[in-house]
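Examining the three-dimensional arrangement
One-letter residues, chain by chain:
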Amino acid sequence: MLFVWLLIGTVWSSAATAQTQQRVYITNQRLNTVTVLDTATNKVIATIPVGVQPYRVAFTPDGTRAYVTNAGSNNVSVIDTATNTVIATIGVERSPLDVAITLDGTRAYVTNGDSNRVSVINLATNTVINSIPVGTTPRGITISPDGKRAYVANSDSDNVTVIDTTNNNVISTVSVGDFPVAIAITPDNARAYVTDYLSNTVSVINTATNTVIATIPVGDGPELVAITPDGTRAYVPNIKSRNVSVINTATNTVITNITTGDGPFGVVITSDGTRAYVTNYFSNNVSVIDTASNTVIATVPGIEFPFGIAITPSAPKIVPTITSVSPNSRATGSGAFELVVTGSNFLTNSIVRWNGQDRATTFVSGTELRVQIPASDIVTAGQYAVTVFSPAPGGGLSNAINFTVFSCTYALNPTSQNFTATGGTGATNVVTASSCTWTATSGASWITITTGATGSGNGTVTFSVAANTGVERSGTVTIGGQVFFVSQAAGSISTPRRTLFDFDGDGRADVSVFRPSDGVWYLLNSSTGFTASQFGVSTDKLTPADFDGDGKTDIAVYRDGTWFIQRSGAGFIGIAFGAATDIPVPADFTGDGRAEIAMFRPSNGGWYMFNLVNNQVSSVQFGQTGDVPVA
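An account of the accompanying structure is given in this report. (Residues numbered from 1 in each chain as written. Predicted model: local features only at pLDDT ≥ 70, side-chain atom pairs only at ≥ 80, totals over all residues. Heavy atoms only, no water.)

On to the overall build of the protein. In terms of regular secondary structure, the protein is built from one helix and 58 strands. Taking 631 residues into account, the globule formula puts the C-alpha radius of gyration at 25 Å, and the protein, at 44 Å, lies well above it. Counting every position in the protein, which comprises 631 residues, the buried fraction comes to 50%. Of the contacts made within the protein by residues no fewer than 6 positions apart, 44% connect residues no fewer than 24 positions apart. Per element, the accessible surface of the protein, about 26,200 Å² overall, is 52% carbon and sulfur. Charge separation in the protein, taken as the distance between the mean sites of 32 positive and 42 negative side-chain charges, equals 5 Å. (Helix = DSSP H or I, 4+ residues; strand = E, 2+ residues; numbered from the N terminus. Rg over C-alpha atoms; globule rule 2.2 N^0.38 Å. Buried < 20%, exposed > 50% of the residue type's maximum accessible area, 1.4 Å probe, protein only. Contact = heavy atoms within 4.5 Å. Areas by Shrake-Rupley, 256 points an atom, 1.4 Å probe, with all protein chains shown as cover. Lys, Arg positive; Asp, Glu negative; His and termini not counted. Charge placed at Lys NZ, Arg CZ, Asp CG, Glu CD.)

Here's what the structure looks like:
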């Protein structure tokens, strides 16, 4: 019974579809060796000493290295497949059982049955860089065809742990049958097949939802599982019933059972899908199955205690390479665009990834791919990695090229322009990156955008300035958040004399009174008729004048050093200017058609003026103490 447990816990092969091959590597658990079988002759060509109780073998994508888990010595042997010698030994955790290698050949994932963890090995340095907690007694492990997930069969917790290989986080746990030991995934990445040793079934997982969608009865004691390159068949050795169940993956039913040697454990399939190799532990041999007829066509003898099995690629996989992307930068918020990826070794099913996420890709040639990048990918500024992934039997993941997403900045040249009263046309140049869009807007009714109202990249905005018949004025044109300043001289037409107390602007003075008892102005306008406005208190000094230059007298009062003005055109304003004993004398001292706030100070005979257009204060000494201002 103990011996049977040992076999259950140690003998299987990974579920990944085999590549085109020339040699089969088989672990011999009791002999602490690995046997190398030439598939052309079905002859043993090498025997390699490794660690104690070797279980499982996995190859790097280029076939130059084989990694062997040694459960009894708690380490992994690294074999140089050119010389068939061990070149390194990597310590891991307790009872390493299975191993799977990422498609880019950078990392190996090792299940440790007695520590309930998965060790992650950096293959460049052959050192452990991470340890991931999983279920109880992890055994089989495989990497998904897209390289994004690792699936781990946990025998004593009856579930499968799903690991995100980009960050080594566990993202899902899927309950399966009793005592799962091995996993294989279809080439289209749609389904995972899990052997359940004690329930004599195979659980089928939908990898999109990580849920079990079918349970398939097989033989007695299913161990490993391998799927043909076309994804149509799964082969499952059954150690107790001494046969291999063949599953039709379209219907998830067993279509035949193939009798093999005694104690079938491991299985691999050639890359052309024509042969399956099965290790028979108790009969010390390997069965060779013709997958077209599902019959054993050869038996390779003299291989003692064959357990795990793996097969080398017949030729190194060609990894895609990126040399450039066009464009190589884009502005935030500039919208969706097409990215042209140039390089080598691209396949018809190669996929461009944007920061690790698949994007809709069009194959142009072996050196060019085109991909649609949505607007949502360039919302935030930063560096984004562009890679190409070629699924099996392609070469996996390419090198990365950084794409820059930047925030737009704008500059104007020139930044201002002066015009005479007659007006004219002006222009400014917009300087920005090619993908940066901009809009030009006028901030004044007398400035009209004529060309370049919208654009992207460098451009020119032109505008016209209307003739000015009034006072000096200024306006703006805003482009991409930058402000272009326009100033224009006053018109040469003299400002007509304003009529005092003309509240409706018809050129005639209006009858008006202020009632101190209620602070109301009562106006009998010559054109618009009677109006009444509450503005002021009984102690205010009346200071009506045309402060905004619209030809209408504005209601205004002076109160203890503060002016309160209700301008007919520009609205209310309050300004502190003067002393309580000053005499307010608002009038147009500058001749611009607008009254200035002005004070006469009897204590010193001084005049003080405040210009509401430019906020400038001026003064003049004229008069002496006790004089009365005339304005």
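Relative to the helices and strands, Thr-425 resides in strand S41 (residues 424-431). Residue Thr-425 is classed as exposed on the basis of its relative accessible area, which comes to 64%. Counting along the chain gives 41 residues from Thr-425 to Ala-466, while the straight-line C-alpha distance between them is 8.9 Å. The contact partners of Thr-425, leaving out residues within four places of it in the chain, are Gln-417, Phe-419, Phe-463 and Ser-464.

A few words on the sheet that holds strand S46 (residues 473-479). The strand order across the open sheet formed by five strands is S40-S47-S46-S42-S44, and the pairing between neighbours is mixed. One side of each edge strand has no neighbouring strand; the edge strands of this open sheet are strand S40 (416-419) and strand S44 (454-456). Within the sheet, the average angular offset between the axes of one strand and its neighbour, ignoring direction, is 20°. In this structure, strand S42 (residues 437-442) lies alongside S46, joined through three bridges in antiparallel fashion. The residue of S46 that forms the bridge with Ser-442 is Val-477. (Pairing = 2+ DSSP bridges. Axes fitted to C-alpha atoms, helices over the stretch in contact; angles between N-to-C directions.)

Now for the sheet that holds strand S26 (residues 285-290). Strand order across the open sheet formed by four strands is S24-S25-S26-S27, with antiparallel pairing between neighbours. Bordering the open sheet on either side are strand S24 (264-269) and strand S27 (295-300), each of which pairs with just one other strand. On average, adjacent strands in this sheet sit at an angle of 25° to one another, irrespective of strand direction. Taken together, the six bridges between strand S25 (residues 275-280) and S26 define a ladder with antiparallel strand orientation. Opposite Tyr-277, over in S26, you have Val-288 as the bridge partner.

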